[in-house]
Amino acid sequence: MNRVTALFVLLVLLALVACAAPTAAPQATVAPQATAVPKATTPPQATTAPLATAAPPTAAQPGRGGTIVHGTYADAKVLNPHLTTDVPSSEIFTRVHEPLLDTDPTTGAPIPWLADKWDISADGLTYTFYLHKDVKWHDGKPFTANDVKYTVEAILDPKTDSPRKSLFDQVKGAKDRQDKTKNVTDTAGVQVVDDLTIKFVLTEPYCPFLVSTMPALRVLPKHLYDGTDVNTNEYNKKPIGTGAWKFKEWLKDDHITLVANKDWWKQSGGPMLDTYIYKTVKDATVIMAQLKSGEMDMGGILPQDIPEVEKSSSLQLYKIPGLSYEYMGFNVTRVTDKKVRQAITYALDRAAIAQKAMGGLSPVRDSHLPPTSWAFKAGDFPAYKFDVAKAKSLLDEAGWKVGADGARADVSGKPVTLHLWYNSGDTQREGTALIAQQQLKDVGLKVEIHSQEWNAYLDRLNNSRDYDMFLNAWILSPEFGPHTKNIFYTKGRFNRWVWSNEQVDKALDAALIVPGCKEADRAKYYQEFERIRAEELPNVALYDVVSLTVVNKKFQGVDPKPVGGLTWNFYQWSIKK
């Protein structure tokens, strides 16, 4: 997948894809047969949420039917929404599994989804959600509050390898549930009132509960998971959800096929299109070629392909700015001296990198916090302008001296070779790696570049942490607090830098539980975090990301939004007749 396109959580006709598969290809994972049967950080003032404003039923609408083929060069990892957060996986599970609440695609405020409405107690500690009746799982079983409670219990289970545990830290009993030494099987703060009502009781106010925790709580079917190992359950590869799309098959590194859920509760007759195919190819060059030929209908492109798309009579380009950014990360247990990390940052001509990667569409980024966010304060943290002399000076101060061959050795006198990783198939990151290699050579640092297939690369980033430096991106949202904590907290699931700072931990904790949840009161904690991050530099922000997605003009209903991105209303897309 073009990584730029992948940052906004957005597959030839099925028969053609199947025919194209080699005869020795692995067997597809096939779905079982069905049984017969956000400014969103401040909680709403009203205790009862308004009803959803989604599109009305469309049973008699013209233009139903057809297939859309979505191109990617990174396959999904696992289709259980609580075991992964990579974009390719989310392209699938967000269409199959649904949350209690969603976010308004324009403002980011919480809106009803599986829950029609909710109440908040006067002290801000108790949330009661009233679920939509007559929702069915794809196998025909009824959806109830018991599924919601089971999902939370499964996430918190100490045996479950879920990166979303911290979203429930403020729920009463959640920390005891996560503690494997206590053997707690029931979370006191998750209470089923009846089949269509569920209550969450918190130990303290939690500012992002409605706009972060609830949209992330994509519900699993209790009847298919209860009593199994969530990490290895067979439905992680052939999911059963309540959403607009039903899983059909997955042929690894080739395609995933979803079909319309004609009995979807939210839109009569289900989504307008019949079939969604997520097709994996070698790289962005193949995606562009297949967009032109009509073998693909949607996919991410490189900036250099923009002129060709703009002169095409059949393709429409969508340039969508976001809050996300590309970065270079360090393993601080290997690149231990912050002066070295600072020197590397000064040595990088990030403007040249941004120009190469994004063709002038994206500015250089200095902060983790989005520059357009309520928490950002310009000039409040160190910024690193391209300065070769400064880089050399800092390396000298760190004791990394230049030898007779022009290359540096560390303080022990050992010649330095830094290893920089990126995911194969991403030509933009490949270009960044090559530029960085040359620019660091200019200050005496030898860099070796390595690439790796996407899922193996994710395992390296999230588990083995076997690298000196690496290239990746963060996908942020208007409520960036929980994600930021997961990234930079000492025990954060995605603390890929292996970085620990007590002041940062305290600031990121405090920002989430500020009484009243006023943005100005929360901002001071995030500004403290940003000052420390920019000084210590566990990662170097490179440039803002602009999503470049092409969609065939035969599709109508495409309506990009600042928060929802391109595919927020994907179930309403149709083919022009």
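Everything here concerns the structure above.
Every chain is numbered on its own, with residues counted from 1 as its sequence reads. Given that this is a predicted model, residues contribute local features only at a pLDDT of at least 70 and side-chain atom pairs are listed and counted only at 80 or more, while totals for whole chains, interfaces and linings are drawn from all residues. By convention in this description, side-chain values take in all heavy atoms of the structure and omit both hydrogens and water.

Draft legend 1. Structural view of the overall build of the protein. Helices and strands together make up the secondary structure of the protein, namely 17 helices and 21 strands. Buried, partly exposed and exposed residues are distinguished by accessible area as a fraction of the type maximum, computed with a 1.4 Å probe on protein chains only: under 20%, between the cut-offs, and over 50%, respectively. Classification of the 577 residues of the protein by burial places 57% in the buried group. To be clear on the numbers: accessible area is Shrake-Rupley with a 1.4 Å probe, and residue cover counts the displayed protein chains and nothing else. Of the roughly 22700 Å² of accessible surface on the protein, a fraction of 52% belongs to carbon and sulfur atoms. Runs of E in the DSSP output that reach at least two residues are strands. Runs of H or I that reach at least four are helices, and both are numbered from the N terminus.

Draft legend 2. Region of interest: the packing of aromatic side chains. Aromatic rings from Phe, Tyr and Trp, taking only the six-membered ring of Trp, are treated as a pair when their centres fall within 6.5 Å; an angle between ring planes under 30 degrees marks them as stacked, one over 60 as edge-to-face, and anything in between as tilted. One pass over the full model with this rule turns up 29 aromatic pairs. Centre to centre, the rings of Trp113 and Trp265 are 6.2 Å apart; their planes meet at 80°, and the pair counts as edge-to-face. Here Trp113 is found in the loop between β4 (110-112) and β5 (115-120), whereas its partner Trp265 is found in the loop between β10 (255-260) and β11 (275-280), with 152 residues between them in sequence. Looking at Trp265, the relative accessible area reads 17%, which means it is buried.

Draft legend 3. Just the sheet that holds strand β6 (residues 126-131), in detail. In this analysis, strands are considered paired if DSSP registers two or more bridges between them. Read across the sheet, 4 strands follow the order β5-β6-β8-β7 without closing on themselves; strand pairing throughout is antiparallel. At either end of the open sheet lies a strand with only one pairing partner, and these are β5 and β7 (190-194). In this sheet, adjacent strand axes meet at a mean angle of 20° when their direction is disregarded. Set on the sheet, helix α6 (residues 209-216) makes contact with β5, β6 and β8 (197-201); between it and β6 the angle comes to about 50°. Fitting a line to C-alpha atoms yields each axis, with helices limited to the stretch in contact; the angle taken between N-to-C directions then spans 0 to 180 degrees. Residues are treated as being in contact if the distance between any of their heavy atoms lies within 4.5 Å.

Draft legend 4. Local environment of the nonpolar core. Put simply, buried Ala, Val, Leu, Ile, Met, Phe, Trp, Tyr and Cys residues joined by side-chain atoms within 4.5 Å make one nonpolar core. Core analysis: the biggest nonpolar cluster contains 101 residues, and Leu100, Phe129 and Phe200 have the highest contact counts within it. Here this core gets 7 residues from one element, more than from any other, and that element is helix α4 (residues 145-156). Discounting chain neighbours no more than four positions away, the residues touching Leu100 are Pro112, Trp113, Leu114, Ala115, Phe129, Leu131, Phe143, Val148, Ile198, Met214, Leu217 and Val219.

Draft legend 5. Highlighting unusual backbone geometry. With a phi close to 55°, Asn183 is a non-glycine residue in the positive phi region. Among the structural elements, Asn183 can be located in the loop between α5 (174-178) and β7. Looking at Asn183, the relative accessible area reads 66%, which means it is exposed. If you check the backbone angles, Leu537 has positive phi at about 55° while not being a glycine. With respect to the helices, strands and loops of the structure, Leu537 is situated in the loop between α17 (519-536) and β19 (539-552).

Draft legend 6. Region of the structure containing the pairing of strand β16 (residues 417-423). Of all 7 residues in β16, 5 are buried; the element is thus mostly enclosed. Direction of pairing for β16 relative to strand β17 (residues 446-452): parallel, over a ladder of 7 bridges. What sits directly across from Leu420, in β17, is Ile449. Assessed by its sense of winding, the connection that carries the chain from β16 through helix α13 (residues 427-441) to β17 is right-handed. In this sheet, strand β18 (residues 469-474) lies alongside β16 in parallel orientation, the contact comprising 2 bridges. Directly across from Leu420, in β18, lies its bridge partner Met469. Call a crossover right-handed when, viewed with both strands pointing away from you, the route from the first strand across the helix to the second goes clockwise.

Draft legend 7. Just helix α15 (residues 481-488), in detail. Most of α15 is tucked away: 7 of the 8 residues are buried. Those residues of α15 not exposed but buried are Gly481, Pro482, Thr484, Lys485, Asn486, Ile487 and Phe488. Where α15 is buried, its residues touch α6, β13 (315-330), β18, α16 (502-512), α17 and β19.

Draft legend 8. View of the side chain of Asn423. Looking at the secondary structure, you find Asn423 in strand β16. Any pair of nitrogen or oxygen atoms within 3.5 Å is treated as a polar contact; in protein, a donor-acceptor pairing is required on top of that, and neighbouring residues in sequence qualify only through side-chain atoms on both sides. Here Arg429 takes part through its side chain, which lies 2.6 Å from a polar atom of the side chain of Asn423. Apart from the residues within four sequence positions on either side, Asn423 is in contact with Tyr73, Arg429, Gln452, Trp454 and Tyr457.

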